[in-house]
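Here are the chains, one letter per residue:
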Amino acid sequence: MSDKYDVVVIGGGPAGYVAAIRCAQLGLKTACVEKWKDEKDEAVFGGTCLNVGCIPSKALLDSSHKYVEAQHDFEVHGITATGVKIDVPAMIARKAKIVSQLTSGVKQLFGANKVVGIAGAGKLLAGKKVQVTKHDGSVEELSAENVILAAGSAPINIPPAPVDNDVIVDSTGALEFQSTPKRLGVIGAGVIGLELGSVWSRLGSEVTVLEAMDAFLPAVDGQLAKEAKKILSKQGLDIKLGAKVTGSKVSKGKAKTVTVSYTDSEGEKEAVFDKLIVAVGRRPVSENLLDDASGVELDKRGFVVVDDTCATSVPGVWACGDLVRGPMLAHKGMEEGVMVAERIIGKKTQVNYDLVPFVIYTHPEIAWVGKTEEQLKEEGREYNVGSFPFSINGRAMAANEKDGMVKIIADAKTDRVLGCHIIGPSAADMMQQMVIAMEFSASAEDIGLTMFSHPTLSETVHEAALAVNGHAIHGVNKRKR
Ligand code: FAD
Ligand code: NAD
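Note that the structure is a prediction, hence the values are computed from the model and not measured.

So, the pairing of strand S6 (residues 139-149)
Here is step 1 of the chain: Summarising the sheet, strand S1 (residues 3-10) and S6 pair through seven bridges and their orientation is parallel. Directly across from Val-7, in S6, lies its bridge partner Asn-146.
Here is step 2 of the chain: Sheet analysis places strand S5 (residues 129-133) next to S6, joined by five bridges and oriented antiparallel. Looking at S6, one finds that Gln-131 is bridged to Glu-141.
Here is step 3 of the chain: Hairpin connection from S5 to S6: five residues lie between these consecutive antiparallel strands, with Gly-137 at a positive phi of about 95 degrees.

This is the structure in structure tokens:
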């Protein structure tokens, strides 16, 4: 006899645990199977995001940023800080504490919402049955009216630099260094490479980033990507573009190093590092998730095939988060989790995939939503641009946070905002007001007519919106009206 549920969720990351909570809120008898375990073999919910992703990386970004501020940025305020030191194990322990607070928080939320948490690895069988292999090797079977697959993603490995979890690590290992490596290599100038490269560079590592592509952050609006490269290079990241890694050799002995060979436009090269982070993207975790008889379709790269509503090829089987197409972002997965839960009870909830916000948590942060200028040019669409720099914003000056700008792009005919791109202090939080505005189809004029508190960093958004139509008050308008 198998335990019967209305919904069984496989995977308790942001997509899975949010889906499970929403299902339970909607009155569905829900279980969530999770294979991540603690030392007592109990399930740890929160997935990549809480355990080894969003949260721990931001904890280290915040700690390392404070260290830089104390060392270099206090002086301008008239504050002298001498003997500033970093205790790396203490910083890592603080991060671990935050992770544990948040993962236990999810457990409590499950309790409060009556979601049944089950420890073990889930596998979808035919007929919406789920086989759970427990950590002691025993096997149990669950059956459900609906199954939600939310098994997430894992780092991609590349043959020229195999992760040994000692000298060569992936993003998970890079969150656990107990001392600052003197020479740190990073393969991949993507989000993880730049965020974790920044952490260790701030703490004193000489960081070299090897990026295979010739373009830097090609998904980011070109003007901002250029500005970001300038700022990050000034901060000490040595970003080498067009650098294709061909091999790596870890030395023997006590103080191990790794020699990385790569080719770039000048030919073959070598670089020696004390640690090497491989951050070349992530892949869906669909292996051992589906029995051949389950009927669920995978694409060539292992993603579960779903439609816009996250329905798979099998009725009553859904999939969301990093396991399916689209950006691998926690908030995208969470929205999909809610949508699936509500669709199960017959609501017509949708996710607006055109307005997924993106953030790179370097300092300054880089955040964007909607279309870049490059995309609009390619689409042949006419648009107006308004931008405003933080260097002349009063609040940014007061905070000594003057790098960066806000750029708003609006349709030339309708004035509807098509994209917003921010590089600057608190860009992630500031961007959110533009996501809301765009969700309500705001025009640049609408934002210009909205009252913004003074003095705030957000006034930069206001002025950029005014500048779209040549009306910025506190800056020189490129577009005259
Ligand atoms: P996951 O979080 O990967 O969760 C999947 C869960 O399923 C895991 O707990 C796994 O153990 C479990 N599982 C897998 N297979 C099975 C099985 N067969 N049975 C039972 N359980 C199973 N995103 C952001 O939006 N903002 C950020 O700032 C950000 N920072 C990041 C930093 C780093 C270093 C990394 C690596 C990622 C970051 N991400 C960030 C991405 C974010 O973590 C993911 O997009 C998000 O966690 C995906 O959620 P998910 O629920 O789909 O999958
Ligand atoms: P990514 O796709 O952002 O970047 C990977 C980079 O590695 C790319 O620039 C790619 O060209 C490069 N690359 C690939 N193969 C290479 C090779 N052999 N040699 C050199 N360079 C190579 O991937 P990531 O940084 O690993 O992040 C994985 C996912 O996690 C992303 O999809 C991202 O959405 C998510 N994430 C998000 C955040 C955030 O939202 N702030 C933070 C971290 C991770």
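A look at the site of ligand 1
Here is step 1 of the chain: Taken together, the neighbourhood of ligand 1 is formed by 36 residues, with Glu-34, Thr-48, Lys-58, Gly-122 and Asp-322 sitting nearest.
Here is step 2 of the chain: For ligand 1, a nitrogen atom lies 3.5 Å from a polar atom in the backbone of Cys-54.
Here is step 3 of the chain: Contacts to ligand 1 include Gly-122, whose backbone N or O atom sits 2.8 Å from a nitrogen atom.
Here is step 4 of the chain: Mapped onto the shell around ligand 1, the elements with two or more residues apiece are helix H1 (14-25), strand S2 (30-34), helix H2 (47-52), helix H3 (54-73), strand S4 (121-124) and helix H7 (330-344).
Here is step 5 of the chain: The dominant element in the shell around ligand 1, judged by the number of residues it contributes, is H2, at four residues.

Some thoughts on helix H10 (residues 427-439)
Each full turn of the α-helix corresponds to 3.6 residues, which orients residues three or four apart in the same direction.
Here is step 1 of the chain: For H10, which comprises 13 residues, the first-to-last C-alpha distance of 18 Å matches the rise-based estimate of 18 Å (1.5 Å per residue) to within 8%.
Here is step 2 of the chain: Along H10, the residues that are buried comprise Ala-427, Ala-428, Met-430, Met-431, Met-434, Val-435, Ala-437 and Met-438. On an axial view of H10, the arc spanned by its buried residues comes to 165 degrees, and they lie on one face.
Here is step 3 of the chain: Buried residues belonging to H10 abut strand S18 (358-360), strand S19 (365-370), strand S21 (405-411), strand S22 (417-424), helix H11 (444-448) and helix H12 (459-468).
Here is step 4 of the chain: Within two residues after H10, Ser-441 carries a phi angle of roughly 55 degrees, on the positive side.

Considering the site of ligand 2
Here is step 1 of the chain: Neighbouring ligand 2 are 19 residues, the closest being Ile-192, Glu-195, Glu-211, Gly-281 and Val-359.
Here is step 2 of the chain: Take Ala-212: an N or O atom from its main chain is 3.2 Å from a nitrogen atom of ligand 2.
Here is step 3 of the chain: Counting residues per element, the shell around ligand 2 draws most heavily on helix H5 (residues 191-202), which supplies three residues.
Here is step 4 of the chain: Along the lines of polarity and charge, the residues of the shell around ligand 2 split into 13 nonpolar, three polar and three charged.

Describing the packing of H1 against H7
Here is step 1 of the chain: In contact at an axis separation of 7 Å, H1 and H7 are set at 30 degrees when each is read in the N-to-C sense. Between H1 and H7, the angle is such that the two are roughly parallel. As H1 runs across H7, the sense of the crossing is right-handed. Two secondary-structure elements touch here, H1 through Pro-14, Ala-15, Val-18, Ala-19, Arg-22 and Cys-23 and H7 through Ala-330, Gly-333, Met-334, Gly-337, Val-338, Ala-341, Glu-342 and Ile-344.
Here is step 2 of the chain: Classifying every residue of the contact of H1 with H7 gives ten nonpolar, two polar and two charged.

Some words on the sheet that holds S19
Here is step 1 of the chain: In spatial order, the strands read S18-S19-S22-S21-S20; together these five strands make up an open sheet with antiparallel pairing. Looking at which strands have only one partner, the edges of the open sheet turn out to be S18 and strand S20 (383-389). Going from strand to strand, the sheet's axes swing by 10 degrees on average, the running direction of each strand aside.
Here is step 2 of the chain: Here seven bridges tie S20 to S21, and the two strands are oriented antiparallel to one another. Looking at S21, one finds that Val-385 is bridged to Ile-409.
Here is step 3 of the chain: Contacting S20, S21 and S22, H12 runs over the sheet at an angle of about 145 degrees to S20.

Here we look at the nonpolar core
Here is step 1 of the chain: Counting 38 residues, the largest nonpolar core has Trp-200 and Ile-277 as the members making the most contacts within it.
Here is step 2 of the chain: Looking at this core, the element that brings in the most residues is helix H6 (residues 222-234), giving five residues.
Here is step 3 of the chain: Dropping the residues within four chain positions of it, Trp-200 is found in contact with Val-88, Met-91, Ile-92, Ala-174, Phe-177, Ser-179, Thr-180, Pro-181, Leu-184, Ser-205 and Val-207.
Here is step 4 of the chain: Of all hydrophobic cores here, the second largest spans 31 residues; its members include Cys-32, Val-106, Val-115 and Val-340.

Focus on the domain arrangement of the protein
Here is step 1 of the chain: Segmenting the protein into domains produces domain 1 (3-155 + 283-353), domain 2 (168-280) and domain 3 (364-468).
Here is step 2 of the chain: Computed from C-alpha atoms alone, the centre-to-centre distance between domain 2 and domain 3 is 31 Å.
Here is step 3 of the chain: Taking both partners together, domain 2 and domain 3 bury about 1000 Å²; carbon and sulfur atoms supply 67% of that area.
Here is step 4 of the chain: Summed over the shared surface of domain 2 and domain 3, the result is one salt bridge.
Here is step 5 of the chain: One salt bridge in this structure joins Asp-221 and Lys-407, with 2.7 Å as the shortest N-O distance.
Here is step 6 of the chain: At the junction of domain 2 with domain 3, the criterion picks out four residue pairs in polar contact (both at pLDDT 80 or more).
Here is step 7 of the chain: Class assignment for the residues of the side of domain 2 that touches domain 3 results in six nonpolar, three polar and two charged.

Rules used throughout
Residues numbered from 1 in each chain as written. Chains lettered and ligands numbered in written order. Predicted model: local features only at pLDDT ≥ 70, side-chain atom pairs only at ≥ 80, totals over all residues. Heavy atoms only, no water. Pairing = 2+ DSSP bridges. Helix = DSSP H or I, 4+ residues; strand = E, 2+ residues; numbered from the N terminus. Near = heavy atom within 4 Å. Polar contact = N/O pair within 3.5 Å; in protein donor to acceptor, adjacent residues only side chain to side chain. Expected span 1.5 Å × (residues − 1). Buried < 20%, exposed > 50% of the residue type's maximum accessible area, 1.4 Å probe, protein only. Arc of directions from axis to C-beta. Contact = heavy atoms within 4.5 Å. Nonpolar A, V, L, I, M, F, W, Y, C, P; charged D, E, K, R; others polar. Axes fitted to C-alpha atoms, helices over the stretch in contact; angles between N-to-C directions. Parallel < 35°, antiparallel > 145°, perpendicular 65-115°, else oblique. Left-handed = near helix turned anticlockwise from the far one by under 90°. Core = buried A, V, L, I, M, F, W, Y, C linked by side-chain atoms within 4.5 Å. Domains from an automatic or database assignment. Buried area = accessible area lost by both parts, 1.4 Å probe. Salt bridge = Lys/Arg side-chain N within 4 Å of Asp/Glu carboxyl O.

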